[in-house]
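What follows is the residue order along each chain.
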Amino acid sequence: MEDYRLFLDKLNMMPHPEGGFYRRNWQSLLTGDLRDGTGKTLFPNRLIGSSILYLLPHTMVCKWHRVKCDEMWHHYEGTPLTLYLLTAQKGLETITLGHDFKAGQNPQFIVPRLTWFAAELAEPSGYAFCGCTLWPAFSYTDFEMAEPDSLADDFPAHAELIRRIQNHPQ
């Protein structure tokens, strides 16, 4: 049995639509109207936050998707995780989550709302055990999986990476 199976069994994790496995472990009981910096209400009467435990084994990737919420990733254990972010403003940004500060790794990173992103292990073995915290609380109505051809059309310089991640067998 691979090491990561202990997490799946002990934490009762289930498959995530984007790849990997998850379990929601917190959801705020507080609600409110959440506004942007201009005062415009973006999320009326929403729970203010939630989090999941997330495990990505080396046999899977986290496919391209985006959410309407800010999402902070926390790296707890295992292989470093490479996050790929795509925005019109910055193009491709690559972040490595992990614990080796000398190698430029970060233990946590915030993916800004509406940013396309994907992830894979930085090494071809092992697993990454992470947490994801979202503000406001996650809702599938805020979640969008990418259409790889459309995303590749929007970011042609990164079409190969987009298709490699999206076509990865799970």
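Predicted model, so just to flag it, every value in this text is computed and none were measured.

## A closer look at the packing of aromatic side chains
Ring pairs (aromatic) are described by centroid distance and by the angle formed between their planes.
So, step 1. Under the definition given, this model contains 9 aromatic pairs.
So, step 2. Ring geometry for W64 against Y84: centres 6.5 Å apart, planes inclined by 40°, an arrangement best described as tilted. Remark: Y84 occurs in strand β8 (residues 81-87) and W64 occurs in strand β6 (residues 62-67); sequence separation between them is 20 residues. For the pair shown, W64 and Y84 are each scored as buried.
So, step 3. Ring centres of Y76 and F129 lie 5.7 Å apart, and the angle between their planes is 55°; on these two criteria the pair is classed as tilted. Of this pair, Y76 sits in strand β7 (residues 70-78) while F129 sits in strand β12 (residues 127-135), and the two are 53 residues apart along the sequence.
So, step 4. The exposure class assigned to Y76 is partly exposed, which follows from its relative accessible area of 43%.
So, step 5. An aromatic cluster of at least three residues, connected via ring pairs, comprises F7, Y76, Y127 and F129.

## A word on the sheet that holds β12
So, step 1. The 6 strands are arranged β1-β2-β5-β12-β7-β10 in an open sheet whose pairing can be described as antiparallel. Two strands close off the open sheet at either side, each with one partner strand: β1 (14-15) and β10 (108-111).
So, step 2. In this sheet, β12 lies alongside strand β5 (residues 50-57) in antiparallel orientation, the contact comprising 8 bridges. Residue I52 lies in a different strand from β12, and its bridge partner there is C132.

## With respect to the pattern of salt bridges
So, step 1. Taken as a whole, this structure holds 5 salt bridges when the rule is applied.
So, step 2. Here R46 ties to D142 by a salt bridge, and the two come within 2.6 Å at their closest N and O atoms. With R46 in strand β4 (residues 41-47) and D142 in the loop between β12 and β13 (143-145), this pair connects stretches of sequence that are 96 residues apart. Here the two residues R46 and D142 agree in accessibility, since each one is buried.
So, step 3. The salt bridge involving D149 is made with R163; its shortest N-O contact spans 3.3 Å. Taken together, the residues span a long stretch of sequence, with D149 in helix α2 (residues 148-154) and R163 in helix α3 (residues 159-166) at a distance of 14 residues.
So, step 4. Residue classification places D149 among the partly exposed positions, given a relative accessible area of 48%.

Rules and cut-offs
- Residues numbered from 1 in each chain as written.
- Predicted model: local features only at pLDDT ≥ 70, side-chain atom pairs only at ≥ 80, totals over all residues.
- Heavy atoms only, no water.
- Phe/Tyr/Trp six-rings, centres within 6.5 Å; stacked < 30°, edge-to-face > 60°.
- Helix = DSSP H or I, 4+ residues; strand = E, 2+ residues; numbered from the N terminus.
- Buried < 20%, exposed > 50% of the residue type's maximum accessible area, 1.4 Å probe, protein only.
- Pairing = 2+ DSSP bridges.
- Salt bridge = Lys/Arg side-chain N within 4 Å of Asp/Glu carboxyl O.

Keep in mind these values describe shape, not function.
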